[in-house]
Amino acid sequence: MIQFHKADIQKRPFQPTKAVNLKMKMIGLIGFLILAIVLVIGIFLDYFITDTLETQLGEQALSVAESVALNPDIALAFETADPAAIIQPLVSPIQQSTHAEFIVVGNTDEIRYSHPNPEQIGKRMVGEDNERALFHGDSYVSKATGSLGNSLRAKVPIYSGNDIIGVVSVGFLANDIQTLIGGYNHELWLMLVIIGAAAIVMAIAIATYIKRKLHGLEPEEISRLLFQKETILQSTHEGIIAVDDTGRITLLNQMAQQLLFGNGQDVDKLIGRPIREVLPTSDLPDILKSRRSHFDQEEVYGSYAVYVNSGPIYYEDTLVGAVSTFRNKTEIDRLTKELSHVKQYANALRAQTHEFSNKLYTISGLVHLNKRQEVLDFIRLEHNIQQEWIQQVIDKVADPLISGILIGKLNQASEQQVQLVIDPASRLKTTLAEPQSRALLTAIGNLIDNALDAVKDCAPDKKQIALYFTDVGDDILLEIDDSGPGIPSGQAPVLFDKGFSSKPGSDRGYGLSTTRHLIALAGGELHTEESELGGACFVVSLPKKENNL
């Protein structure tokens, strides 16, 4: 199980040198963008509201002016001796009901017949903007300065039949219009300021949220960590594949691609796909369900045998996915074989060291007793024994590695007071290919070690191991008998299973399993038979293949 906490991710070995961090940059950029948008919208709406209000007021003034100009009483009043006496009472109620600043009616000479200020009646109209209405008969809206000040006014001609007899001017003062527009704009800008302030607060909240989701890391740190992660991921010698909590692939390195799919598969097409579709035999879906880790599961993918270790991934006690690692079993077996050889050579050297140390003590004692002849006889005897072993092995075995391990095991057995006998009919003259040599070396080392362990509790004269090997025929045969207690009947079915051992202690149960696996890789078999010495008998059969290299 892999457990991550926020504190683990927030450990920052690399500190950015920039003074402004990501959070402040985001707040500044988002705030500037919001203020720019608010300002542009505000200017547009200000102009839009101003233009709309002026247009509406102009249309309202034009509508009032048209209704006044079309009033038949107004036109008939022009034919009387005192038009103002009739027109002023007619216009004043209309001005009050429409809230117009003024309604002025004048004749073709621009003499007023009505005005909000009675003193202005009879005087000439001001503004110089009546020509279009009086001479062309146009109805329009204009801006001009009259007797009451700058105003927005509508001009409409008054007809009597087909003749223009006067003009109606309805207006609103510019100050009143600006006051009205200012009220609307004030509310508009106040609302925009509130929206902008709320948006800046949201920008701060968003920046804080993103910063928290990034675990407080700066972009430079994220970039560096991503580069380091990819470098480590792709350079590791183990295959790695990870899935999220839904079982979809999120990560796959090059070694996993090579071991599981070969080099022809495009990794990018695998990312995001369900692991069940890509790798049906994967145990990752089971890991997500059971939330338990699996270790050293042996699987075969394509031409590779691999060891698989899988486990769930937790972040803050929440399951976020699972990961599997794949180790090439062939490479591990090669390392195991090399380690086994080193161990066997070390044991052989240790046995020789102890054996010769004892013999040196014997010689030293004889010298102190002044037994010179006995010293010479003892040295000749030991020399003859060693020469007999070496000569016997050299005569019978062509492969120097096999010869070396046999001599080492003879010395090891001699040290432990075990009688290890090589059958005189044994011979192995075939040049061994690498798989056969590796399998035989492992078999001889492990099987003789097991035999030595089996006979260690026997009586001194019963500690016996018999070794026979031959390459006569199409196969190489190796047979190792011991005089130990033998194999209990209940253990025979699981004898070669990985992890099973009849010996006490941990880290056992791999010798026979590894031996049988290497023999199988070389095309051979390992089985047991009834022993002539009363203990266990292991028989190795390998096809004979000469190494022509």
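Definitions and cut-offs
Residue positions within a chain follow its written sequence, with the count starting from 1. Reporting in this predicted model follows two pLDDT cut-offs: at least 70 for local features of residues, and 80 or more for side-chain atom pairs to be given and counted; totals over whole chains, interfaces and linings ignore these cut-offs and use all residues. Note: side-chain values were computed over all heavy atoms of the structure, leaving out hydrogens and water. Segments assigned H or I by DSSP are reported as helices when at least four residues long, segments assigned E as strands when at least two residues long, and all are numbered from the N terminus. By the convention used here, residues are in contact when the closest approach between their heavy atoms is within 4.5 Å. Cavities and pockets are defined on a 1 Å grid built over the protein atoms alone: a cavity is a set of grid points where a 1.4 Å probe fits but cannot escape, while a pocket is an open set with protein on both sides within 12 Å along at least five of seven lines, and lining residues are those with an atom within 4 Å of any such point. Grid points are joined across faces, edges and corners, and a volume is the space filled by probe spheres set on the points. In this classification, the charged set is Asp, Glu, Lys and Arg, the nonpolar set is Ala, Val, Leu, Ile, Met, Phe, Trp, Tyr, Cys and Pro, and all remaining amino acids, among them Gly, are polar. Accessible area is worked out with a 1.4 Å probe on protein chains only. A residue is then buried under 20% of its type maximum, exposed over 50%, and partly exposed in between. In this scheme, strands are said to pair when DSSP sees at least two bridges between them. To estimate the expected span of a helix, count its residues, drop one, and scale the result by 1.5 Å. Axes here refer to lines fitted to C-alpha atoms; in helices the fit is confined to the stretch in contact. Angles between the N-to-C directions go from 0 to 180 degrees. Take the buried residues of types Ala, Val, Leu, Ile, Met, Phe, Trp, Tyr and Cys, join any two whose side-chain atoms come within 4.5 Å, and each joined set is a nonpolar core. The labels follow the angle: roughly parallel below 35 degrees, roughly antiparallel above 145, roughly perpendicular from 65 to 115, and oblique for the rest. It is the rotation of the near helix from the far one that decides the hand of a crossing: anticlockwise by less than a right angle makes it left-handed, clockwise makes it right-handed. Grouping into patches uses exposed residues only, defined as over 30% relative accessible area, and leaves out salt-bridged ones; the cut-off is 9 Å for like charges and 5 Å for nonpolar side chains (Val, Leu, Ile, Met, Phe, Trp, Tyr). Only the protein chains shown count as cover for residues, and all accessible areas are computed by the Shrake-Rupley method using a 1.4 Å probe. Here a salt bridge means any side-chain nitrogen of Lys or Arg lying within 4 Å of a carboxyl oxygen belonging to Asp or Glu.

### Some details on the side chain of Thr98
Inference 1: For Thr98, the location among the structural elements is in helix H4 (residues 83-98).
Inference 2: Setting aside chain neighbours within four positions, we find Thr98 in contact with Gln60, Val64 and Phe172.

### Observations regarding empty space enclosed by the protein
Inference 1: Taken as a whole, this structure holds two cavities of 30 Å³ or more when the rule is applied.
Inference 2: Computed from the structure, the second largest cavity encloses a volume of approximately 50 Å³.
Inference 3: As for the second largest cavity, its lining consists of Ile402, Leu406, Leu428, Leu440, Ile444, Phe469, Ile476, Leu477 and Leu478.
Inference 4: Mapped by element, the contributors of at least two residues to the lining of the second largest cavity are helix H14 (400-415), helix H15 (434-455) and strand S13 (475-482).
Inference 5: Ranked by residue count, the leading element in the lining of the second largest cavity is S13, at three residues.
Inference 6: A per-class count over the lining of the second largest cavity returns nine nonpolar, no polar and no charged.

### Structural notes on the pairing of strand S9 (residues 304-315)
Inference 1: Summarising burial for S9: ten of the twelve residues are buried, a large majority.
Inference 2: Sheet topology note: the strand S8 (residues 294-301)/S9 ladder contains six bridges and is antiparallel. Bridge pairing in S9 places Glu299 opposite Val306.
Inference 3: Relative to strand S10 (residues 318-328), S9 runs antiparallel, the two sharing ten bridges. Across the sheet, residue Pro312 finds its bridge partner in S10, namely Ala322.
Inference 4: What sits between the antiparallel neighbours S9 and S10 is a turn of two residues, in which Glu316 has the positive phi angle 55°.

### Quick notes on H15
Inference 1: Across its 22 residues, H15 extends 32 Å between first and last C-alpha, which sits within 8% of the 32 Å expected from 1.5 Å per residue.
Inference 2: The buried fraction of H15 amounts to 17 of the 22 residues, a majority that puts the element mostly inside the structure.

### What to know about the sheet that holds S13
The strands making up a sheet are joined through hydrogen bonds of the backbone, oriented either antiparallel or parallel.
Inference 1: Taken together, the five strands give an open sheet; going across it, the order is S11-S12-S13-S15-S14, and neighbouring strands pair in mixed fashion. Among the strands making up the open sheet, the edge pair consists of strand S11 (419-422) and strand S14 (525-530). Pairs of neighbouring strands in the sheet enclose a mean axial angle of 15°, with direction left out of account.
Inference 2: For S11 and strand S12 (residues 464-470), the ladder comprises four bridges, and the chain directions are parallel.

### A short note on the nonpolar core
Inference 1: In this structure, Ile402 and Leu478 are the most contacted members of the largest nonpolar core, which totals 41 residues.
Inference 2: Take this core: its biggest share by element is ten residues, from H15.
Inference 3: Leave out the neighbours within four places in its chain, and Leu478 touches Leu440, Ala443, Ile444, Leu467, Tyr468, Phe469, Phe538, Val539 and Val540.
Inference 4: Core analysis: the next-biggest nonpolar cluster, separate from the first, contains 26 residues, Val91, Ile103, Val105 and Ile165 among them.

### Focus: the packing of helix H2 (residues 22-69) against H4
Inference 1: The contact between H2 and H4 brings their axes to 12 Å, and the two run at 160°. It follows that H2 is roughly antiparallel to H4 by the angle criterion. For the pair H2 and H4, the sense of crossing is right-handed. For the pair formed by H2 and H4, the contact residues are Gln60, Val64 and Val68 on the first element and Val91, Ile94 and Thr98 on the second.
Inference 2: A per-class count over the contact of H2 with H4 returns four nonpolar, two polar and no charged.

### Points about unusual backbone geometry
Inference 1: Positive phi is not limited to glycine here, since Glu110 has a value of about 65°.
Inference 2: As for its placement among the helices and strands, Glu110 is situated in the loop between strand S2 (102-107) and helix H5 (131-136).
Inference 3: Phi angles above zero are rare outside glycine, and Gln417 is one such case at about 60°.
Inference 4: You can see Gln417 is positioned in the loop between H14 and S11.

### Re a nonpolar patch on the surface
Inference 1: On the surface, Leu190, Met191, Ile194 and Ile195 cluster together into a nonpolar patch covering about 380 Å² of accessible area.
Inference 2: Its place among the elements puts Leu190 in helix H6 (residues 174-213).
Inference 3: Judged by relative accessible area, Leu190 falls into the partly exposed class, the value being 46%.

### A look at the pairing of S10
Inference 1: Sheet topology places strand S6 (residues 239-244) next to S10; six bridges connect them, and they run antiparallel. The residue bridging Asp244 from the neighbouring strand is Gly321, located in S10.

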